[in-house]
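Summary of the model geometry
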Amino acid sequence: IPLLPGSPRRLSPQAGARGGQGPKHGQQYLKMPSPRAPGLQGSSSRDPGQPCGGESARSSSVINNYLDANEPVSSEARLSRMHFHDNQRKVDYVLAYHYRKRGAHLAQGSLGHSLAIISNGEMGKEPHAGDPGDIELGPLDALEEERKEQREEFEHNLMEAGLELEKDLENKSQGSIFVRIHAPWQVLAREAEFLKIKVPTKKEMYEIKAGGSIAKKFSAVLQKLSSPLQPRVPEHSNNKMKNLSYPFSREKMYLYNIQEKDTFFDNATRSRIVHEILKRTACSRANNTMGINSLIANNIYEAAYPLHDGEYDSPEHEMNDRKLLYQEWARYGVFYKFQPIDLIRKYFGEKIGLYFAWLGLYTSFLIPSSVIGVIVFLYGCATIEEDIPSREMCDQQNAFTMCPLCDKSCDYWNLSSACGTARASHLFDNPATVVFSIFMALWATMFLENWKRLQMRLGYFWDLTGIEEEEERAQEHSRPEYETKVREKMLKESNKSAVHKLDTNTTECDDEDDEDKLTWKDRFPGYLMNFASISFMIALTFSIVFGVIVYRITTAAALSLNKATRSNVRVTVTATAVIINLVVILILDEIYGAVAKWLTKIEVPKTEQTFEERLILKAFLLKFVNAYSPIFYVAFFKGRFVGRPGSYVYVFDGYRMEECAPGGCLMELCIQLSIIMLGKQLIQNNIFEIGVPKLKKLFRKLKDETEAGETDSAHSKHPEQWDLDYSLEPYTGLTPEYMEMIIQFGFVTLFVASFPLAPVFALLNNVIEVRLDAKKFVTELRRPDAVRTKDIGIWFDILSGIGKFSVISNAFVIAITSDFIPRLVYQYSYSHNGTLHGFVNHTLSFFNVSQLKEGTQPENSQFDQEVQFCRFKDYREPPWAPNPYEFSKQYWFVLSARLAFVIIFQNLVMFLSVLVDWMIPDIPTDISDQIKKEKSLLVDFFLKEEHEKLKLMDEPGLRSPGGGDRSRSRAASSAPSGQSQPGSVMSSGSQHTNV
């Protein structure tokens, strides 16, 4: 361990004079200690000559546990890899950093054996140069030395806060060092009271009763039927029982059932308490930065993480939560089982627990929508032979001669050649899809309402009521980047004020208040850059969509020149264009994610929560536009601006705007939606979520192997838990997981009228996605910090917005993209017998081929008969009418019917959604009743315990052996947090000497 009290820049000539002969310029010395007993070393006494000033105290090392380099503790002798080397104190948190020594060599006359480090890192008098037992160190890198001093001060402050640290020796030229942190009972009790952590009381668990007798019987039957699907975990079996909890208080220790202090707080709570201390501990050497996040951002430390509960694939018979989660949750073989949500919450914290609870509810809600979607698809398959318009299109006797699809190279063609497209369109364009669209809009509302109810239920069972204070506390911790910006601003302001003070002695209070925070003027350049960059990215997406349109037009024209490829032009162009769109979407998704993060950093949000919310909004906006812009084009814009024969709209000279197939654009929309949705899910899941982490892990393993030249073989055979966790991928948040599911939710709801099978593919994907995410969290990621939160935050608002927007989009898909409204108008207004016979002829207009522009007529026409009139799909007046080729009355009638349908559909579905929202209460009735019941139980329990306490105090034999333990435990609870009273009931992990 670097044991210099200060950097070379801090060594003054006076310090050298006090110690006798000072060190030579550029040289520093460490004292070789005398041989000591092997194993752990205690605190060494301070040398009387050591200065006691604040500077030397801060600069000295503060670690109180070391390993002797001569006698390392064997890993095989360790009872647990989750504890300090004394096998008693549990490792609650780990700090890791990489160190590097430069020019280290032994001085003349120095001893040849390995270096044993003074246990508390303190030095005696300044050593004489060249004395026996001195080690001469070469000049250290200034930045590395400064980081070392900042680490020492930060660790000293952690010790001042009551934490206990253990650290290995820096006995190699470079490598990784782990600082293990243990929180003793006094610190845990103090912080639990400060954080108001709710803990179980002595009151026995009480049952959460169902509503009535019928509900009880139904619940019992349902539980029996679902018993094979339940995970075999202890937390999941008692989902009808709840502990009576109360915020921890050292003055009310008699309320809690404290049997073993080491296990009273679980590992996630212990690490959360240590993390809170790490976040608020300051470091004056690092520009007064606050917290471990700032130090990691400044590369003082490389990582900070809690430990996993052992190995998930260990052959030992000992079962830990991580292994249990792997066996019952994180394997693909248990895909049919429910998730052990309570165990997930216990191990990973409430934030991750809520994500998997939301994902599980969303996946279960996809089951009924998938069943109905399959029924709608099968209905289309069953009625395909009864569809009159497709039969008319396939009937070759009708002989509808259609106008050429392109200039010169395209010939006239028969409508019957598009029979296959028309029949396939009926699978998705039938009356059942309208009913399914209404159902999916109500489905989205019911899903969100049920999630609110489940969220309230989980909040009650997980004691998340009254968590607002914790969220307010989280707002107090500023991000490191924000502190840096404020510091730069204050430095700039102080330089300006120094100049102004020469002229005036008065300063304005408002300016002083603004110095320690960023105003809108400071952030304006960031906002401007955000607006310009997001606008550019959206314009880039639209330009790429336009580029794909140009590709389709030019490719279709090129393929039409060849007789061999002319018959498959539409299929070839559609398939290749969709694949290009998919590749572009996947590439831009990754780019936009990085750009959104960079833009959010430019804004310099103050807190992590604000940073996360702004990042989510930017990433969602960019990825939404990227994923759905090609689909919106096909659904609402393709074929709307084609023109008509004789007056086509041209993109470039000779290249007309593309038009829809004779059966409409709905089939092409279905193809586009299905390929993009399936491609995103398969490629992103298999390559990005599985392949990329494995490649990173392999690269990190190879890097560690190249740097492992100095590591001993015993350590490599028996690595510690902190070494194993350090090799895992760091946890970066839930934003990618949520974003993937939100985009999928959009595919399921926004265009479900064109693709009823979307819920089926989403369900199949999510069954794998749940286990994929579970395996990633259990086996491939470091253990995240347990974060308490009462909801899923801004994601719920995004889901609600997509649900409302889906009503409008489906209304326009049915009204504009499909032929549902034109068929209704024809059937009830123009048909002679109330059927769809003659519908195809009704939708086709006439064009006189003699009026084609010069140079656009088909060259070398091979059509069987001479063509005088060709047909095209539109509602226009015939050539013999007074106003030829103008929009007909039918066009305006159909247009008004489409707009009326959009208004009626939107208002009807919105009304039904509001009705569903009103009928389903946000808080379940049994939970609201239990909340009231719990309050009365808590009051009764308090009165009972207070009565027993007063009864014990009134007894004459209060100090008898029978009551001594209890009184002493109360005395220990009221002891100061940093001290242990004699005779107090201490855990084995806290029986030690604080240094």
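Since the model is a prediction, treat every value here as computed from it, not as a measurement.

1. Re the overall build of the protein
Scanning the protein from terminus to terminus reveals 32 helices and 20 strands. Within the protein, the proportion of its 995 residues that are buried is 49%. At a minimum sequence separation of 6, the contacts of the protein that also span at least 24 residues come to 81%. Total accessible area on the protein stands at roughly 48,600 Å², and carbon and sulfur atoms take up 58% of it.

2. Comments concerning the UniProt feature "transmembrane region" (unreviewed entry) in the protein
Within this structure's numbering, the places UniProt gives as "transmembrane region" (unreviewed entry) are residues 355–379, 527–551, 571–595, 615–636, 741–764 and 899–920. Secondary structure content for residues 615–636 is 100% helix and 0% strand, and the end C-alpha separation is 30 Å.

3. Quick notes on unusual backbone geometry
With a phi close to 60 degrees, Lys196 is a non-glycine residue in the positive phi region. At Tyr885, a residue that is not glycine, the phi angle is positive and equals roughly 65 degrees. Mapped onto the elements, Tyr885 comes out in the loop between strand S20 (869–873) and helix H30 (889–919).

4. Describing a nonpolar patch on the surface
Nonpolar side chains collect at one region of the surface, where Leu229, Phe335, Tyr336 and Phe338 lie side by side and expose about 390 Å² of accessible area between them. Relative to the elements of secondary structure, Leu229 occurs in the loop between helix H5 (213–225) and helix H6 (234–237).

5. Let's talk about the pattern of salt bridges
Overall, the coordinates contain 36 salt bridges when judged by the stated rule. Here Lys148 and Glu145 are joined by a salt bridge, their closest N and O atoms 2.8 Å apart. Note that Lys148 and Glu145 are positioned in helix H3 (residues 142–160) at a spacing of 3 residues, about one turn of the helix. Neither Lys148 nor Glu145 differs from the other in exposure class; each is buried. Note that Glu328 and Arg232 form a salt bridge whose closest N and O atoms lie 3.4 Å from each other. Placement of the pair is Glu328 in helix H10 (residues 321–328) and Arg232 in the loop between H5 and H6, with a sequence separation of 96 residues. For Glu328, a relative accessible area of 5% puts it in the buried group. One salt-bridge network, in which partners are shared between bridges, spans Arg552, Lys638, Glu658 and Glu668.

6. Thoughts on the confidence of the model for the protein
When pLDDT is averaged along the protein, the result is 75, and 75% of the positions lie at 70 or above. Highest mean pLDDT in the protein belongs to helix H12 (residues 350–382) (92); lowest belongs to strand S1 (residues 28–31) (32). Contacts from residues 1–76, a stretch scored under 50 in pLDDT, to residues over four places away or in other chains number 171 contacts.

7. Brief notes about the state of the cysteines
Covalent bonding between the sulfur atoms of two cysteines defines a disulfide. In the structure shown here, the tally under the stated rule is 3 disulfides. Here Cys394 engages in a disulfide with Cys419; their sulfurs sit 1.8 Å apart. Judged by the sign of its S-S torsion, about 90 degrees, the cystine formed by Cys394 and Cys419 is right-handed. Of this pair, Cys394 sits in helix H13 (residues 388–394) while Cys419 sits in helix H14 (residues 419–428), and the two are 25 residues apart along the sequence. By relative accessible area, which is 18% here, Cys419 ends up buried. One disulfide bridge connects Cys403 with Cys870, the sulfur atoms lying 1.9 Å from each other. Its S-S torsion of about 85 degrees marks the bond between Cys403 and Cys870 as right-handed, since a negative value means left-handed. Within this pair, whereas Cys403 is found in the loop between strand S13 (401–402) and strand S14 (413–414), its partner Cys870 is found in strand S20, the two being separated by 467 residues in sequence.

8. Thoughts on the packing of helix H25 (residues 735–750) against helix H27 (residues 794–817)
Each packed pair of helices is defined by two parameters, the angle between the axes and the distance between the axes. It is at 9 Å that the axes of H25 and H27 come closest, and there the two elements cross at 20 degrees. Relative to H27, the element H25 lies roughly parallel. For the crossing formed where H25 meets H27, the hand is right-handed. Every residue of H27 that contacts H25 at Thr735, Tyr738, Met739, Ile742, Phe745, Gly746, Thr749 and Leu750 is listed here: Trp795, Ile798, Leu799, Ile802, Gly803, Phe805, Ser806, Ser809 and Asn810. Looking at the contact of H25 with H27 residue by residue, the class counts come to 10 nonpolar, 7 polar and no charged.

9. A short note on the environment of Cys403
Taking the relative accessible area as the measure of exposure, Cys403 reaches 6% and is therefore buried. For Cys403 and Pro645, which are 242 residues apart along the polypeptide, the C-alpha to C-alpha distance reads 7.4 Å. Once you skip the residues sitting within four places of it in the chain, Cys403 turns out to touch Tyr412, Trp413, Pro645, Phe847, Cys870 and Arg871.

10. Examining empty space enclosed by the protein
Evaluated as defined, the whole model comprises 11 cavities of 30 Å³ or more. In this structure, the second largest cavity occupies an estimated 100 Å³ of space. Contributing to the lining of the second largest cavity are 13 residues, with Asp407, Tyr648, Arg656, Leu852 and Thr856 lying nearest its centre.

11. Description of the pairing of strand S2 (residues 93–100)
Along S2, 6 of the 8 residues are buried, which leaves the element largely enclosed by surrounding structure. As defined by bridge partners, S2 adjoins strand S5 (residues 174–182) across 8 bridges and the pair is classed as antiparallel. Each bridged residue has a counterpart across the sheet, and for Tyr93 the counterpart in S5 is Ile181. Pairing analysis gives 3 bridges linking S2 to strand S12 (residues 303–305), with the strands arranged antiparallel. Its bridge partner lying in S12, Val94 is registered against Tyr305.

12. Quick word on the nonpolar core
Trp358, Tyr362, Tyr628 and Phe751 are the most contacted members of the largest nonpolar core, which totals 118 residues. Top contributing element to this core by residue count: helix H21 (residues 608–637), with 15 residues. Apart from residues lying up to four places away in sequence, Tyr362 is in contact with Trp443, Phe447, Met741, Gln744, Phe745, Val748 and Asn766. Formed by 42 residues, the second largest nonpolar core is a distinct cluster that contains Tyr97, Met253, Phe264 and Ile292.

13. A closer look at the packing of aromatic side chains
Counted according to the given criterion, the structure contains 56 aromatic pairs. The ring of Phe846 has Arg871 sitting right over it, with the charged end atom 3.7 Å from the ring centre. Over the face of the ring belonging to Phe887 we find Arg876, whose NZ or CZ atom lies 4.3 Å from the ring centre.

14. Structural notes on the pairing of S5
Here S5 lies mainly inside the structure; 7 of its 9 residues are buried. Relative to S5, strand S4 (residues 164–167) runs antiparallel, the two being bridged by 4 bridges. Each residue of the ladder has a partner; that of Glu166, found in S5, is Arg180. The turn linking S4 back onto S5 is made up of 6 residues.

15. Here we look at the side chain of Thr574
Among the structural elements, Thr574 can be located in helix H20 (residues 569–603). The class for Thr574 is buried, based on a relative accessible area of 8%. Those residues within four positions of Thr574 in sequence are excluded, and the remaining contacts are Glu668 and Ile671.

16. Here's the deal with the packing of H10 against helix H26 (residues 758–780)
One can describe the packing of H10 onto H26 by two numbers: an axis separation of 10 Å at closest approach and a directional angle of 160 degrees. As summarised for this structure, H10 and H26 are arranged roughly antiparallel, according to the angle between their axes. Crossing handedness for the pair H10 and H26: left-handed. Of H26, the residues touching H10 (which contributes Arg322, Leu325, Tyr326 and Glu328) are Arg771, Val778 and Thr779. Looking at the contact of H10 with H26 residue by residue, the classes come out as 3 nonpolar, 1 polar and 3 charged.

About the thresholds
- Residues numbered from 1 in each chain as written.
- Predicted model: local features only at pLDDT ≥ 70, side-chain atom pairs only at ≥ 80, totals over all residues.
- Heavy atoms only, no water.
- Helix = DSSP H or I, 4+ residues; strand = E, 2+ residues; numbered from the N terminus.
- Buried < 20%, exposed > 50% of the residue type's maximum accessible area, 1.4 Å probe, protein only.
- Contact = heavy atoms within 4.5 Å.
- Areas by Shrake-Rupley, 256 points an atom, 1.4 Å probe, with all protein chains shown as cover.
- UniProt positions renumbered as here; feature names shortened; annotations may be inferred.
- Patch = residues over 30% accessible without salt bridge, like charges linked within 9 Å, V, L, I, M, F, W, Y side chains within 5 Å.
- Salt bridge = Lys/Arg side-chain N within 4 Å of Asp/Glu carboxyl O.
- pLDDT = per-residue confidence, 0-100.
- Disulfide = S-S within 2.5 Å.
- Axes fitted to C-alpha atoms, helices over the stretch in contact; angles between N-to-C directions.
- Parallel < 35°, antiparallel > 145°, perpendicular 65-115°, else oblique.
- Left-handed = near helix turned anticlockwise from the far one by under 90°.
- Nonpolar A, V, L, I, M, F, W, Y, C, P; charged D, E, K, R; others polar.
- 1 Å grid on protein atoms, 1.4 Å probe; cavity = no way out; pocket = protein on both sides within 12 Å on 5 of 7 lines; lining within 4 Å.
- Points joined across faces, edges and corners; volume = space filled by probe spheres on them.
- Pairing = 2+ DSSP bridges.
- Core = buried A, V, L, I, M, F, W, Y, C linked by side-chain atoms within 4.5 Å.
- Phe/Tyr/Trp six-rings, centres within 6.5 Å; stacked < 30°, edge-to-face > 60°.
- Lys NZ or Arg CZ within 6 Å of the ring centre and 35° of its normal.

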